[in-house]
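So you can see what is in the structure, the chains are spelled out below.
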Amino acid sequence: MDKLELTQKIKRLALDHGFDQVGIARAEFLDTEARHLESWLADNNHGTMSYMADHFDKRVDPRLLVPGAKSVISLTYNYYYDQKQKDPLAPKISMYAYGRDYHKVIRKRLKALFHAIRQVAGDVQGRCFVDSAPVMERDWAKRSGLGWIGKHTLLINKKRGSYFFLGEIISDLDLLPDAPVADHCGTCTKCIDACPTNAIYPAGYVIDASKCISYLTIELKDEIPLDFAGNMESWMFGCDICQEVCPWNRFSIPHEEPEFSPSDQLLEMTADEWELLTEETFHILFKGSAVNRTKFKGLQRNISFLRRKKM
């Protein structure tokens, strides 16, 4: 197969393996992105996430992760779900964490896809990634034409919105790269205006993670600063506010992945039941879930903090 034929074949394989979109970029040094990351870290926007400063060289050059890499294949996997938690007063969970841990689900899909690629392309060297290594996935997805990075710093696609996971295959295959697409946020500031903790910079496109509700409820291991009392909008794990208000998410459609669907028990839990959550129930509700990242004590801390009043 020539380069065009092989590129088209791989894209068809990706769709056959359940991915919604696929784009390709050249594996090269991320010059502009490296400078942005350096500035973001220098301004301490990463909070206590010290690991964001680790392996800087690998983050900005995929050839250090996969020697001989020529292409970065970026893929999206839909997680949008149109059912919500039943009790409007119940503490909320970000939609991406409703079902089974996405790392496990998508990694399995990526490995199967990579195996299929090897069957058609021969002895291909490469690695699969899903939010599991120093890979700047949004930047690669942007370079591969899958969307633009919005003012809330998430990738947005005109046809799909932003409710999707990103995965990558970095390999030594020499494939035809796709062209980036234009930014379509325009003058819209809905995500900036809606953020209750002012985590998004006034001009957009930069986020102070140390103010983000997702960071406060998941990444932060210490006590949540009292400055945020009364501003959490009932989120106990993650936050979807900037996505909920984004006009492009009117194009989101429900996913078809059974492993991402929540249990009826989770959706039907009342506010009182969350307040009385036991460790045993926690492990039943979140077996194999990304919510295990915060552990039972972390979720308890978050639920308790929601009762705090503004200072």
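Residues numbered from 1 in each chain as written. Predicted model: local features only at pLDDT ≥ 70, side-chain atom pairs only at ≥ 80, totals over all residues. Heavy atoms only, no water.

> I would appreciate a short explanation of helix H1 (residues 3-16) in the present structure.
Each α-helix winds once per 3.6 residues, and so residues spaced three or four apart point in a common direction. Taking 1.5 Å per residue as the helical rise, H1 with its 14 residues ought to reach 20 Å, and the 20 Å between its terminal C-alpha atoms agrees with that figure. Buried within H1 are the following residues: Leu6, Thr7, Ile10, Leu13 and Ala14. Viewed along the axis of H1, the buried residues span an arc of 125°, placing them on a single side of the element. Buried-residue contacts for H1 involve strand E1 (21-26), strand E2 (71-78) and helix H4 (102-121). Between a side-chain oxygen at the N-terminus of H1 and the backbone nitrogen of leucine 4 the separation is 3.3 Å; the capping residue is aspartate 2. Two residues or fewer after H1 comes glycine 18, characterised by a positive phi angle close to 95°. (Helix = DSSP H or I, 4+ residues; strand = E, 2+ residues; numbered from the N terminus. Expected span 1.5 Å × (residues − 1). Buried < 20%, exposed > 50% of the residue type's maximum accessible area, 1.4 Å probe, protein only. Arc of directions from axis to C-beta. Contact = heavy atoms within 4.5 Å. Polar contact = N/O pair within 3.5 Å; in protein donor to acceptor, adjacent residues only side chain to side chain.)

> Explain unusual backbone geometry here, please?
Leaving glycine out, the prevailing phi sign among residues is negative, and the prevailing peptide bond configuration is trans. Backbone geometry at histidine 55 places phi at a positive 55°, although glycine is not the residue there. Here histidine 55 is to be found in the loop between helix H2 (31-42) and helix H3 (56-60). In this structure, tyrosine 205 takes a positive phi of about 70° despite not being glycine. With respect to the helices and strands, the residue tyrosine 205 is situated in the loop between helix H6 (190-194) and helix H7 (213-219). We classify tyrosine 205 as partly exposed; its relative accessible area is 36%.

> How should the pairing of E1 be read in this particular structure?
Along a regular strand, successive side chains alternate from one face of the sheet to the other. Counting buried residues in E1 gives five out of six residues, a clear majority hidden from the surface. In this sheet, E2 lies alongside E1 in antiparallel orientation, the contact comprising six bridges. In the strand pairing of E2, valine 22 is matched with leucine 75. (Pairing = 2+ DSSP bridges.)

> Got a minute to help me understand the environment of aspartate 139 in this structure?
Topologically, aspartate 139 is positioned in helix H5 (residues 137-143). Of the residues examined, aspartate 139 reaches a relative accessible area of 16% and is grouped as buried. Residues aspartate 139 and leucine 154, spaced 15 residues apart in sequence, show a C-alpha to C-alpha distance of 9.9 Å. In this view, aspartate 139 contacts Glu33 and Ile149; residues no more than four positions away in its chain are not counted.

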